[in-house]
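A look at the structure
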Number of protein chains: 2
Amino acid sequence: MDGKVTVAVDALGGDNAPEVVLEGVADALAADPDLSVILCGPEEAVSPFAAAHERCRAQATTERIEMAEHPAKAVRRKRDSSIVVGCRLVKEGAAQGFYSAGSTGAVLAAGTLVMGRIKGVSRPALCTVVPSPVSPCVMCDVGANADCKPEYLVQFAHMAALYAERVLGAERPRVGLLNIGEEEEKGSSFALAAYELLKEQVPGFAGNAEGRDIMQGGFDVVVTDGFTGNVALKTLEGTGKVLFDQMKRIMTASPVTMVGALALKGGMRELREKVDPDTYGGAPLLGVRGACIVGHGSASARAIRNGVLVAARVAREDISGMIEQKVSRHPKQR
Amino acid sequence: MDGKVTVAVDALGGDNAPEVVLEGVADALAADPDLSVILCGPEEAVSPFAAAHERCRAQATTERIEMAEHPAKAVRRKRDSSIVVGCRLVKEGAAQGFYSAGSTGAVLAAGTLVMGRIKGVSRPALCTVVPSPVSPCVMCDVGANADCKPEYLVQFAHMAALYAERVLGAERPRVGLLNIGEEEEKGSSFALAAYELLKEQVPGFAGNAEGRDIMQGGFDVVVTDGFTGNVALKTLEGTGKVLFDQMKRIMTASPVTMVGALALKGGMRELREKVDPDTYGGAPLLGVRGACIVGHGSASARAIRNGVLVAARVAREDISGMIEQKVSRHPKQR
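Residues numbered from 1 in each chain as written. Chains lettered and ligands numbered in written order. Predicted model: local features only at pLDDT ≥ 70, side-chain atom pairs only at ≥ 80, totals over all residues. Heavy atoms only, no water.

Applied cut-off: UniProt positions are given in the numbering used here, feature names are shortened, and annotations may be inferred rather than shown by experiment.
An unreviewed UniProt entry annotates chain A as Phosphate acyltransferase of Berryella wangjianweii. Turning to chain A, the UniProt record has this under Catalytic activity (unreviewed entry): "a fatty acyl-[ACP] + phosphate = an acyl phosphate + holo-[ACP]". As stated in UniProt under Sequence similarities (unreviewed entry), the record for chain A gives "Belongs to the PlsX family."

Given below as structure tokens:
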């Protein structure tokens, strides 16, 4: 969807900030002529970049939230940090979305505390598009809520289904509950309770999904508590990394294997791209007032570019407004 | 370790029983001259095989537990099923170990109800050796206990560490808690409580392991509740399967890629073998009186062979006896 949109970007987010962030922002601006960016960070980093780029404005900030800080405390204390200021710009309407590859915890806290929760949402949740070569799957929650009540998963399902529909173009998304068996009677007491609620209240609910289904397709959305979701996501990423590393070792083992590998180069590159989390640019925090996208700390310029574009997309599609409507039609359970 | 040992085998376990089971048993008998097998199953399947093979005795059974049956109910009702009879042979001392690729739930139930829990063990737990090409990792629990208390994980750690030490040869196994961050203060309330107990009571405890660490090495043992462990294991298996399928597609895409793939064939075969769950033959149920090994339903003859050999190994190492000693030194918490 088109239309002018402004995204605030944390120039200090990620292991290689600000250089990689600036590179990614430049690419995003070039890719989307209706996008404007407000770059939040130290004066000396953001001002020269803004002066050199159209549709980019600098917002000088004086504080920085470190990765090791306690997220909520840091957000409350460092009111002139790039993360807090970026979220405040959304709150005040100067921007419609925010992107940061900084401390995930701090971005979640600032999104929730500064942008604010959507009325009726019990818990904002972190979604991620799992990069499957078969078909992408939106998993939610992947870490915002380590402790969940079963009823939260109903809202996670509504929010993630909206995201799958509007951002990935899934028609009538199939929603699965991450569980340890396909059958309705399988699972922990938490999963059994969640199953009942999802069956009752989520039209697209298609039953239990097992760990293998995340990657193998079959579900557009998989909901779970933030603890299990985070473990599953990192397990999947770690497994992919180990197997690609091993493949590389095999391919570079000898002159003969290197020649053989040449023939597979195109296909391998394509596969790597399909399973590269950078392709989806970041994880949206759903349930807050505005688009809030969290990038990996190790985000590349490509990931930053895509993350900023995703923030623009989520803002243009007004996912927050749609979540608000949906939630008011399905009032939360006690 | 050597020494005569007898393993009872469920001839009806697995999708391709009894043929594949018989093939696997024949291979196991050929590989281990001090191994005897008692084959449990329908007369017409087990008797001709036992007659044709040395060190194999037939135990005719008349009932069969189906995959869809309620495990505990089926075990209580079908007292002449191959699974119940196999466990009873261990209980009565006719065999020291039992292997089945049948219904996991039924084997867990029969192991616990028929062989019996080791005194002092709160919950028997299912372990698995995660087939990592970097270094194998024993994960526990992977599905016997969907609902856990934090204190169970202390015993899981003791049991799995013994297994890693005695069966995989890990010296002073490094034990990790599956969690959503490396830092001590990260995690769900369950994980935080388990962390405290593990730190206090498990000498080899080395802190939190994240999902990616399961495959990337660094921990010999990873403990978790059976829900999270099962999700993580299936996520890992699913990711591996999808990536191997994609690789195969790339390699067979054209005559050119097929020639290229030839050069990589040896390395790829080696990698596949390293990550093939069949290599480790099955998952031991630890905490019961005797060796009890559960195979995949889709177990190949190679998996069955290796699973029977693992049962023999666990019996010879007297893992159950060692667990009993360990547990009596570390009495369970309230």
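Quick word on the overall build of chain A
The cut-off we apply is this: Only DSSP runs of H or I with at least four residues qualify as helices, and only runs of E with at least two residues qualify as strands; both kinds are numbered from the N terminus onward. The quantity called the radius of gyration is restricted to C-alpha atoms. Its globule counterpart is 2.2 Å times the number of residues to the power 0.38. Burial here depends on accessible area, computed with a 1.4 Å probe over protein chains only, as a share of the maximum for the residue type. Under 20% is buried, over 50% is exposed, and the range in between is partly exposed. Should any heavy atoms of two residues lie within 4.5 Å, those residues are counted as being in contact. His is not counted, nor are the chain ends, whereas Lys and Arg count as positive and Asp and Glu as negative. Each charge is placed at NZ for Lys, CZ for Arg, CG for Asp and CD for Glu.
A tally of helices and strands in chain A yields twelve helices and eleven strands. What you see for chain A is a C-alpha radius of gyration of 20 Å, in line with the 20 Å of a compact globule of 334 residues. Oriented by its inertia axes, the alpha-carbon framework of chain A measures out at about 65 × 60 × 40 Å. The 334 residues of chain A split such that 59% are buried. Restricting the contact set of chain A to residue pairs at least 6 apart, pairs at least 24 apart contribute 70%. Of note, chain A has its 38 positive side-chain charges centred 3 Å away from the centre of its 40 negative side-chain charges.

As for the sheet that holds strand β5 (residues 125-130) of chain B
Residue and element names in this part refer to chain B. The test is simple: Two strands pair under a simple rule: DSSP has to find at least two bridges between them. Every axis in this analysis is a line fitted to C-alpha atoms, fitted for helices over the stretch in contact. Angles between the N-to-C directions lie between 0 and 180 degrees.
Read across the sheet, eleven strands follow the order β3-β2-β1-β4-β11-β10-β5-β6-β9-β7-β8 without closing on themselves; strand pairing throughout is mixed. If you trace the sheet from one side to the other, it starts and ends with β3 (56-60) and β8 (205-209), each paired once. Across the sheet, the axes of successive neighbouring strands diverge by a mean angle of 25°, strand direction being ignored.

Side note on the pairing of β3 of chain B
All names here are of chain B. Filter applied, for reference: Whether a crossover is right-handed depends on one test, that the path from the first strand over the helix to the second runs clockwise when the strands point away from the viewer.
Across five bridges, strand β2 (residues 35-41) lies against β3 in parallel orientation. Bridging across to β3, Leu39 finds its partner in Ala58. Following the chain from β2 across helix α2 (residues 43-52) to the adjacent parallel β3, one finds a crossover that is right-handed.

Quick word on the nonpolar core
Quick note on the threshold: We define a nonpolar core as any set of buried Ala, Val, Leu, Ile, Met, Phe, Trp, Tyr and Cys residues linked to one another through side-chain atoms lying within 4.5 Å.
In this structure, Leu39 of chain A together with Leu35 and Leu39 of chain B are the most contacted members of the largest nonpolar core, which totals 247 residues. Contacts of Leu39 of chain B, omitting those with residues within four sequence positions, involve Val9, Ala11, Leu22, Val25, Val46, Phe49, Cys56, Arg57, Ala58 and Gln59 of chain B.

Concerning the domain arrangement of chain A
All names here are of chain A. Rules: As annotated, the domain borders come from an automatic or database domain assignment. By buried area we mean how much accessible surface two parts lose on assembly, using a 1.4 Å probe and totalling the loss over both. One speaks of a salt bridge when a side-chain nitrogen belonging to Lys or Arg is within 4 Å of a carboxyl oxygen belonging to Asp or Glu. Polar contacts, as used here, are pairs of N or O atoms within 3.5 Å; protein pairs need one atom able to donate a hydrogen and one able to accept it. Residues neighboring in sequence count only if both atoms are side-chain atoms.
You can read the domains of chain A as domain 1 (1-121 + 287-334) and domain 2 (130-277). Between domain 1 and domain 2, the contact holds 20 residues from the first and 15 residues from the second. Here domain 1 packs against domain 2, burying approximately 1,600 Å² in sum over the two surfaces, 63% of which is carbon and sulfur. Between domain 1 and domain 2 we count two salt bridges in total. Salt-bridge contacts for Glu317 lead to Arg166; the nearest nitrogen and oxygen are separated by 3.1 Å. Applying the counting criterion to the domain 1 and domain 2 interface returns five residue pairs in polar contact (both at pLDDT 80 or more). The set of elements that each furnish at least two residues to the side of domain 1 that touches domain 2 consists of α11 (301-316) and α12 (319-329).

Structural notes on the relation of the copies chain A and chain B
Here is the rule we go by: A least-squares superposition brings the copies together, and it is based on the C-alpha atoms of residues with pLDDT no lower than 70 in both.
Turning chain A through 180° and shifting it by 0.0 Å along the axis lays it on chain B, with an RMSD of 0.0 Å. The symmetry that links the two subunits is that of a two-fold axis. If distances are taken from each C-alpha of chain A to the rotation axis, the shortest is found for Gly260 of chain A, at 1.8 Å. Take the interface residues of chain A: 100% of them recur as interface residues in chain B, which is what a same-surface contact looks like.

Describing the packing of aromatic side chains
Any pair of aromatic rings gets described here by the distance separating the centres and the angle formed by the planes. Selection rule: Aromatic rings from Phe, Tyr and Trp, with only the six-membered ring used for Trp, were paired whenever their centres fell within 6.5 Å, and each pair was classed as stacked if the ring planes differed by under 30 degrees, edge-to-face if by over 60, and tilted otherwise.
The final tally for this structure, using the stated rule, is three aromatic pairs over all chains. Each ring, one from Tyr195 of chain A and one from Phe205 of chain A, has its centre 5.2 Å from the other, and the planes form 80°; the classification is edge-to-face. Of this pair, Tyr195 of chain A sits in helix α7 (residues 189-201) while Phe205 of chain A sits in strand β8 (residues 205-209); the two residues are ten residues apart in sequence, bridging distant segments of the chain. Judged on exposure class, the residue Tyr195 of chain A and its partner Phe205 of chain A are both buried. Plain terms: the ring middles of Tyr152 of chain B and Phe156 of chain B are 6.5 Å apart, the flat faces sit at 50° to each other, and that makes the pair tilted. In this pair, Tyr152 of chain B and Phe156 of chain B are both assigned in helix α6 (residues 152-166), four residues apart and thus about one turn of the helix distant. Summarising the burial analysis for this pair, Tyr152 of chain B and Phe156 of chain B share the class buried.

Let's talk about α11 of chain A
All names here are of chain A. We count it as follows: One less than the number of residues in a helix, times 1.5 Å, gives the span that helix is expected to have.
A rise of 1.5 Å per residue sets the reference length of α11, with its 16 residues, at 22 Å; its end C-alpha atoms lie 23 Å apart and thus fit the reference within 8%. The element α11 is largely enclosed, with a buried count of twelve among its 16 residues. Directly beyond the C-terminal end of α11, a positive phi value near 50° is found at Asp318.

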